[in-house]
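A look at the structure
Given next are the chains, with one letter for each unit.
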Amino acid sequence: MMNRLIRRIRIKRSAKVIFILLMSIFLLIKCSDITTKKEEKKAAAGFDSFAGSAKCAGCHKDIYDTHIHTEHFLSTAPATEENISGSFEEGKNKLVFNDITYVKMEKNGYRVIPVSVHI
């Protein structure tokens, strides 16, 4: 009789432990799904969903007119000869960060290419 009682207690305890483990796994999977969905949502709200600065000008012309002359706006322009105010002449086309790292702008036909070099 006592052995049966002990066995029942162990079975109940085992069932509780298994239930808790299964619930923990379920919750971890759900949390992982939520995190993944948030990351996917952030990725989807990237550059493709950006309306563009010109779209803002309709309601915020004064801010837009100021913004298009800032370094922030100009630094995101495509790398073309018209948008780069530096020289492409060899020796004058290099931005040196330290003794071993520099960035050099080169023209390759119709394209402008930033070349990063680590010696």
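Small disclaimer: the values here were computed from a predicted structure and weren't measured. (Residues numbered from 1 in each chain as written. Predicted model: local features only at pLDDT ≥ 70, side-chain atom pairs only at ≥ 80, totals over all residues. Heavy atoms only, no water.)

**Some thoughts on the overall build of the protein**
Defined as follows: Only DSSP runs of H or I covering at least 4 residues are called helices, and only runs of E covering at least 2 are called strands; the numbering of each starts at the N terminus. Relative accessibility decides the category of a residue: with a 1.4 Å probe and only protein chains considered, values under 20% of the type maximum give buried, values over 50% give exposed, and everything between is partly exposed. Contact between two residues is taken to exist if any of their heavy atoms lie within 4.5 Å; hydrogens are not considered. Note that accessible areas follow from Shrake-Rupley with a 1.4 Å probe, and for residues the cover is restricted to the protein chains shown.
A tally of regular secondary structure across the protein gives 4 helices and 3 strands. In sequence order, the protein lays out its α and β elements as α-α-α-α-β-β-β. Buried residues in the protein amount to 9% of all 119 residues. Look at the contacts in the protein between residues 6 or more apart in sequence, and 12% of them connect residues 24 or more apart. Looking at the protein as shown, the accessible area adds up to about 11,000 Å², and 62% of this sits on carbon and sulfur atoms.

**Examining the environment of Val96**
Among the structural elements, Val96 can be located in strand β1 (residues 94–96). Those residues in contact with Val96 that lie beyond four places of it in its chain are Thr101 and Tyr102.

**With respect to the packing of aromatic side chains**
The test is simple: Here is the rule: rings of Phe, Tyr and Trp (six-membered ring for Trp) pair when centre to centre is within 6.5 Å. Planes less than 30 degrees apart are stacked, more than 60 are edge-to-face, and the remainder are tilted. Whether a charge sits over a ring depends on NZ of Lys or CZ of Arg being within 6 Å of the ring centre and within 35 degrees of the ring normal.
In this structure the tally under the stated criterion is 0 aromatic pairs. Here Lys94 stacks its cationic end above the ring of Tyr102, 4.3 Å away from the centre of that ring.

**Thoughts on the pairing of strand β2 (residues 101–108)**
Worth spelling out the cut-off: DSSP-based pairing: two strands are paired if at least 2 bridges between them are found.
Pairing of β1 with β2, which is carried by 3 bridges, proceeds in the antiparallel orientation. Bridging from a neighbouring strand, Val96 pairs with Tyr102 of β2. Between β1 and β2, which pair antiparallel and follow one another directly, the connecting turn spans 4 residues.

**Things to note about the layout of surface pockets**
We count it as follows: Definitions used throughout: a 1 Å grid over protein atoms alone; a cavity as a set of points that fits a 1.4 Å probe which cannot get out; a pocket as an open set with protein on both sides within 12 Å along at least five of seven lines; a lining residue as one with an atom within 4 Å of a point. Grid points are joined across faces, edges and corners, and a volume is the space filled by probe spheres set on the points. Three categories are distinguished: nonpolar for Ala, Val, Leu, Ile, Met, Phe, Trp, Tyr, Cys and Pro, charged for Asp, Glu, Lys and Arg, and polar for the others, with Gly belonging to the last.
Roughly 180 Å³ of volume is contained in the second largest pocket. Every residue lining the second largest pocket is counted, 12 residues in all, and those nearest its centre are Ile84, Leu95, Val103, Lys104 and Met105. If you list the elements that add at least two residues to the lining of the second largest pocket, you get β1 and β2. For the lining of the second largest pocket, the residue count by class is 6 nonpolar, 3 polar and 3 charged.

**Examining the pattern of salt bridges**
To keep things clear, this is the line we draw: In what follows, salt bridge is the name for a side-chain nitrogen of Lys or Arg lying within 4 Å of a carboxyl oxygen of Asp or Glu.
Under the counting rule described, the total for this entry stands at 3 salt bridges. Between Asp65 and Lys61 there is a salt bridge; the shortest N-O distance is 3.2 Å. Here Lys61 and Asp65 lie together in helix α3 (residues 61–67), a separation of 4 residues that amounts to about one turn. Overall, the relative accessible area of 52% leaves Lys61 in the exposed class. In this structure, Glu106 engages Lys104 in a salt bridge whose closest nitrogen and oxygen atoms are separated by 3.3 Å. Put simply, Glu90, Lys104 and Glu106 are held in one network by salt bridges that share partners.

These values are about where atoms sit, not about what they do.
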